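Working through the structure, step by step
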Amino acid sequence: YVGLVLLVLSAWVCNHTGRTLVSCLYEEEMSGGSGSVSKVRVRTSYQDIMEACCKGLWPNWSGVGGLMVNVAQVIELLMTCTLYLLVSTSLLFDSLSWVAVPRSVCSLVSLVFLLPCLLLTDLRPVSTLSLLCSLAHILISLLVMLYCLSCASSWSWSSLSLSVDPEDFLVSVGVIIFSYTSQIFLPPLEGSMEDRGQFNVMLGWTHGAACIMKTMFSLMAVLTWGPETSEVITDNLPSDLRPLVNLCLLAKAQLSYPLPFYAAAEILQTCVLRAEPFIVDCQQLSVSRPALVVRGALLMTSYLLALLVPRFSLLMGLTGSVTGAAMTLILPCLFHLRLQWSRLTVKDRLIDVGILSLGVICSVSGVICSVKRLLEGL
C-alpha cells in the first residue's frame, strides 16, 4: 500500500519539479510602451540554469556548475546502459538455462550485439531503434497485464502487506524516482514545441498516464503473484508464455541501449575531444579514432559494471538515489528558489523546501541502503 502511494506521490512531485525547472529558463521583462510584464526565454538547457545559479554565488567558478551537470548526466546515462545490459544478460541466461551457459558468456554475447553502437553518427538510426523498442514495450505490457487479468479470480488483497521493511522501502524510493526521471531532457523538449504554452498541460498528462500505467501494472502483478513477485516480472510467467515474453523483453533491452549510449557518448566527446568526433569520408559521416576510443571505453565500462552488479534493482535504486534524486528533486527546487525567490508565494517556497528536504533525505538514506545491499551481494 505504501508503494502504491509512493507511485502516485512521485508522479506529482516529478511533474511539479519539471514545471519549476522549465520556468527557470525564463526571466520577466517589462514591455516598453504598455508596461506589461512578459516572460522571455533566456536559457536553453539544464546546464545554462546551473551556470546562472552559480554565477551569482561564485563568479569565478560559474563553469564548474555546468561541468557538474555533465558529470551527473553521464553517470545517469551510463547506469541506464548498464541496466539494459544487465537485463539482457539475465534474460539470455534464463532462456539458455537448459544448456547451462555461464552468466559471463551471456553477458559477452549481449555485448557483441551492442558493438554496432560504436558507429552511430546521428539520431536517425537511434530514433528508429527507439521506435521498435517502444513497440516491444507495449507488446510486453499487454501480454503481462492480459495474463494477470486472466488470473483475476485468484487475486488476494492479503498479499498487499501493511508492514514495511525500511531498507527495501528506501531502495524502492530510488527505483521509482529513477523510473520517472526526465528532467534532463525537458528544457530542449520545451524549446522544440510549436506551442510552448501547452508544455505544463503536456507534462501533466504525461505524468498522469505514466502514474496510471505503473500503478495498474504493479498492482496487477502483486495481486497475481503476491510475495513471489519477481524483480524481472517475466520470471513469474508460466513456462509456455515466458520464452515469447523474454524474447520481446530481450529485444527491448537491446533496442533501448543505443539512446542513452549515444547521449552519453555525445557529452563525453564534447568535453574530452577538441576535434570533431566525426569525419567526412566519401560524403558520408564516420566516427573518428579518438571518438571510437571514447565510445569503446564507455561500452566496456557498462559491460564491467554489469558483470559486477548482482541485481539490477539495486543498481536502479542506487542510480535513482544519487543522480535521479539530485537532477529530479533537489536541483530543480534549488534553481527555483535561487532564481525566482522574489516572485514566489509563501506556498511555493514551502513546497520547494519540502521537496528539497525530502529529496536530500531519500538520496542519502537510499544511497546507504543500496550500497550496503550491493556490497552484500558481491
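Residues numbered from 1 in each chain as written. Predicted model: local features only at pLDDT ≥ 70, side-chain atom pairs only at ≥ 80, totals over all residues. Heavy atoms only, no water.

An unreviewed UniProt entry annotates the protein as Vesicular inhibitory amino acid transporter originating from Neolamprologus brichardi. Quoted verbatim from the Sequence similarities (unreviewed entry) field of the UniProt record, the comment on the protein reads "Belongs to the amino acid/polyamine transporter 2 family." (UniProt positions renumbered as here; feature names shortened; annotations may be inferred.)

**Description of the overall build of the protein**
Within the protein, the secondary structure is distributed over 13 helices and four strands. What you see for the protein is a C-alpha radius of gyration of 22 Å, in line with the 21 Å of a compact globule of 378 residues. Over its C-alpha atoms, taken along the principal directions, the protein stretches across nearly 75 × 60 × 40 Å. For the protein, with 378 residues in total, the buried portion stands at 44%. A sequence separation of at least 24 residues applies to 75% of the contacts in the protein between residues at least 6 apart. Just so you have it, the protein exposes about 19500 Å², and 69% of that area is on carbon and sulfur atoms. One finds the centroid of the 21 positive side-chain charges in the protein at a distance of 4 Å from the centroid of its 24 negative side-chain charges. (Helix = DSSP H or I, 4+ residues; strand = E, 2+ residues; numbered from the N terminus. Rg over C-alpha atoms; globule rule 2.2 N^0.38 Å. Buried < 20%, exposed > 50% of the residue type's maximum accessible area, 1.4 Å probe, protein only. Contact = heavy atoms within 4.5 Å. Areas by Shrake-Rupley, 256 points an atom, 1.4 Å probe, with all protein chains shown as cover. Lys, Arg positive; Asp, Glu negative; His and termini not counted. Charge placed at Lys NZ, Arg CZ, Asp CG, Glu CD.)

**Digging into the packing of helix H10 (residues 258-272) against helix H11 (residues 289-308)**
For the pair H10 and H11, the least separation of the axes is 10 Å and the interaxial angle reads 130°. Judged by the angle between their axes, H10 and H11 are oblique. Regarding H10 and H11, the two cross each other, and that crossing is right-handed. Contacts from Phe 261, Tyr 262, Ala 264, Ala 265, Glu 266, Leu 268 and Gln 269 in H10 reach Ala 291, Val 294, Arg 295, Leu 298 and Leu 299 in H11. Looking at the contact of H10 with H11 residue by residue, the class counts come to nine nonpolar, one polar and two charged. (Axes fitted to C-alpha atoms, helices over the stretch in contact; angles between N-to-C directions. Parallel < 35°, antiparallel > 145°, perpendicular 65-115°, else oblique. Left-handed = near helix turned anticlockwise from the far one by under 90°. Nonpolar A, V, L, I, M, F, W, Y, C, P; charged D, E, K, R; others polar.)

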